[in-house]
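The chain contents come next:
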Amino acid sequence: MGTQVDAWDAAGADRAVAVLKAVADPTRYRLLWALSRRELPVGSLAELLGAHVAAVSQHLAKLRAAGLVESRREGTRIIYRAAGPHVRGLLEEASLVAAAGVAGAALSGSGGRAAVAAAPAEVAEPAEPAGVAKEQSGRAAGPLRARRPATGQ
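Residues numbered from 1 in each chain as written. Predicted model: local features only at pLDDT ≥ 70, side-chain atom pairs only at ≥ 80, totals over all residues. Heavy atoms only, no water.

Under an unreviewed UniProt entry, the chain has the name ArsR/SmtB family transcription factor and belongs to Streptacidiphilus alkalitolerans.

Some details on helix H2 (residues 26-35)
Judged by how many residues are buried, H2 sits mostly within the fold: eight of ten residues are covered. Of the residues that open H2, the one with a side-chain oxygen 2.9 Å from the backbone nitrogen of Thr27 is Asp25. (Buried < 20%, exposed > 50% of the residue type's maximum accessible area, 1.4 Å probe, protein only. Helix = DSSP H or I, 4+ residues; strand = E, 2+ residues; numbered from the N terminus. Polar contact = N/O pair within 3.5 Å; in protein donor to acceptor, adjacent residues only side chain to side chain.)

Observations regarding the environment of Ser71
On the secondary structure map, Ser71 appears in strand E2 (residues 69-74). For Ser71, a relative accessible area of 33% puts it in the partly exposed group. For the pair Ser71 and Leu60, spaced eleven residues apart in the sequence, the C-alpha separation amounts to 9.6 Å. Not counting residues within four places of it along the chain, the set of residues in contact with Ser71 comprises Arg64, Ile78, Ile79, Tyr80 and Arg81. (Contact = heavy atoms within 4.5 Å.)

Describing the sheet that holds strand E3 (residues 77-82)
Ordered by their spatial adjacency, three strands build an open sheet running E1-E3-E2, and the pairing between neighbours is antiparallel. Strands at the two margins of the open sheet, each flanked by one partner only, are strand E1 (40-41) and E2. Set on the sheet, H2 makes contact with E1, E2 and E3; between it and E3 the angle comes to about 90°. (Pairing = 2+ DSSP bridges. Axes fitted to C-alpha atoms, helices over the stretch in contact; angles between N-to-C directions.)

Observations regarding the nonpolar core
Core analysis: the biggest nonpolar cluster contains 23 residues, and Leu32, Leu45, Val56, Leu60 and Leu63 have the highest contact counts within it. Every element with two or more residues in this core is listed here: helix H1 (10-23), H2, helix H3 (42-49), helix H4 (53-65), E3 and helix H5 (85-107). Tallying contributions element by element places H2 first for this core, with six residues. In this structure Leu63 touches Ala22, Arg28, Leu31, Leu32, Leu68 and Val69, once residues within four positions along its chain are discounted. (Core = buried A, V, L, I, M, F, W, Y, C linked by side-chain atoms within 4.5 Å.)

Some points on the environment of Glu39
Note on placement: Glu39 falls in the loop between H2 and E1. Those residues in contact with Glu39, other than ones at most four positions away along the chain, are Arg72, Ile79, Tyr80 and Arg81. Within the local environment of Glu39, its side chain forms a polar contact with the side chain of Arg72, the two groups lying 2.6 Å apart. Separated by 3.4 Å, the side chains of Glu39 and Arg81 make a polar contact.

Section: the pattern of salt bridges
This structure, assessed with the given rule, holds six salt bridges. In this structure, Arg81 and Glu70 form a salt bridge, with 3.4 Å as the shortest nitrogen-oxygen distance. One end of the pair, Arg81, is in strand E3; the other, Glu70, is in strand E2, and eleven residues separate them in sequence. Residue classification places Arg81 among the partly exposed positions, given a relative accessible area of 25%. Here Arg72 makes a salt bridge to Glu74, at a shortest N to O gap of 3.0 Å. With relative accessibility at 39%, the residue Glu74 sits in the partly exposed group. Each of Glu39, Glu70, Arg72, Glu74, Arg77 and Arg81 takes part in salt bridges that share partners, so that together they form one network. (Salt bridge = Lys/Arg side-chain N within 4 Å of Asp/Glu carboxyl O.)

Details of the pairing of E2
Bridge analysis of E2 against E3 gives six bridges, and the strand direction is antiparallel. Note that in E3 the partner of Val69 across the bridge is Ala82. Here E2 folds back onto E3, and the loop between the two strands holds two residues, one of which, Gly75, carries a positive phi near 70°.

A short note on the pairing of E3
Bridge count between E1 and E3: two bridges; the pairing is antiparallel. By the bridge assignment, Leu40 is partnered in E3 with Tyr80.

What follows is the structure in structure tokens.
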């Protein structure tokens, strides 16, 4: 019996779980999707999502801790980007698995109760940082806007 069994890599599994947890939040998924296409500053990302800069910064810190985003300083601004092409591949694979899961659930008679993840094809390319599309109300337009920022009004 000359077969060799790979040893369990507990540390590798822990790192993989940390990456999956980081991507499991819808806001962080949208941030990664935008950053997998180009670099953007925090303010532009906040505008794209319709969220506060502080909230976006916290999400970016979690993504950076998981090794999914990198940053660089440009004057007083911090510019973020995906850590490499593997990030876009991770997002695309997650969408394929989600689509296959939904299709499988539909075939097994779930009655359409399966949760549908946002497929990458459904997420629009974010606008250029200086020219983010606006609705007449002044809020950021497009499917990347997760929620309106909380205001005292």
